[in-house]
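Read off the chains here:
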Amino acid sequence: HHRNMPSDKTDSYSIEEYIITPFQQNARFIVNGARAVLVDPGGDIDLLLSRVKEKNYSIEHILLTHGHIDHAGGVKSFISRYQEIFSIRPSVIG
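Residues numbered from 1 in each chain as written. Predicted model: local features only at pLDDT ≥ 70, side-chain atom pairs only at ≥ 80, totals over all residues. Heavy atoms only, no water.

### Here's the deal with the overall build of the chain
Within the chain one finds 3 helices and 6 strands. Its helices and strands taken in sequence order, the chain reads β-β-β-β-α-β-α-α-β from the N to the C terminus. By residue count, 39% of the 94 residues in the chain fall in the buried class. Taking as baseline every contact in the chain between residues at least 6 positions apart, the subset at least 24 positions apart corresponds to 43%. On the chain, roughly 5,700 Å² of surface is accessible, and the fraction owed to carbon and sulfur atoms is 54%. (Helix = DSSP H or I, 4+ residues; strand = E, 2+ residues; numbered from the N terminus. Buried < 20%, exposed > 50% of the residue type's maximum accessible area, 1.4 Å probe, protein only. Contact = heavy atoms within 4.5 Å. Areas by Shrake-Rupley, 256 points an atom, 1.4 Å probe, with all protein chains shown as cover.)

Dropping the structure here:
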């Protein structure tokens with residue numbers, strides 16, 4: 001499932017939300033043009049990767065609300081494909 005969240009008309013950011021686990025855990029893209037931050041890529045990595053490719057996003061950062069597998073499980077998949085990712089916060093990959 002996908003849900004676009006309305007952005008404040010005064011800025012140019014939008015948030016895309018995807019349900020990515022059977023437990024209804026969400027991942028989000030915070031988007032400004034083609035630049036994006038990925039939040040909590042914990043599941044359904046194929047879906048998230050297809051959205052990046054389909055929308056031609058440049059993933060600059062990954063943010064994690066915490067380090068549990070349902071929030072952080074896809075981090076390695078993203079950094080192995082997108083070396084341009086600048087940071088992962090908090091750092092959970094050694």
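### With respect to the pairing of strand β3 (residues 26-32)
Pairing of strand β2 (residues 14-19) with β3, which is carried by 6 bridges, proceeds in the antiparallel orientation. Of the residues in β3, the one forming a bridge with Glu-17 is Arg-28. Hairpin connection between β2 and β3: a loop of 6 residues separates the two successive antiparallel strands, and Gln-24 in this loop has a positive phi of roughly 70°. As paired elements, β3 and strand β4 (residues 35-39) share 5 bridges and run antiparallel to each other. In the sheet register, Arg-28 faces β4, and the bridge partner there is Val-39. Between the antiparallel neighbours β3 and β4 lie 2 residues, among them Gly-33 with a positive phi of about 65°. (Pairing = 2+ DSSP bridges.)

Just geometry here; none of it tells us what the structure is for.
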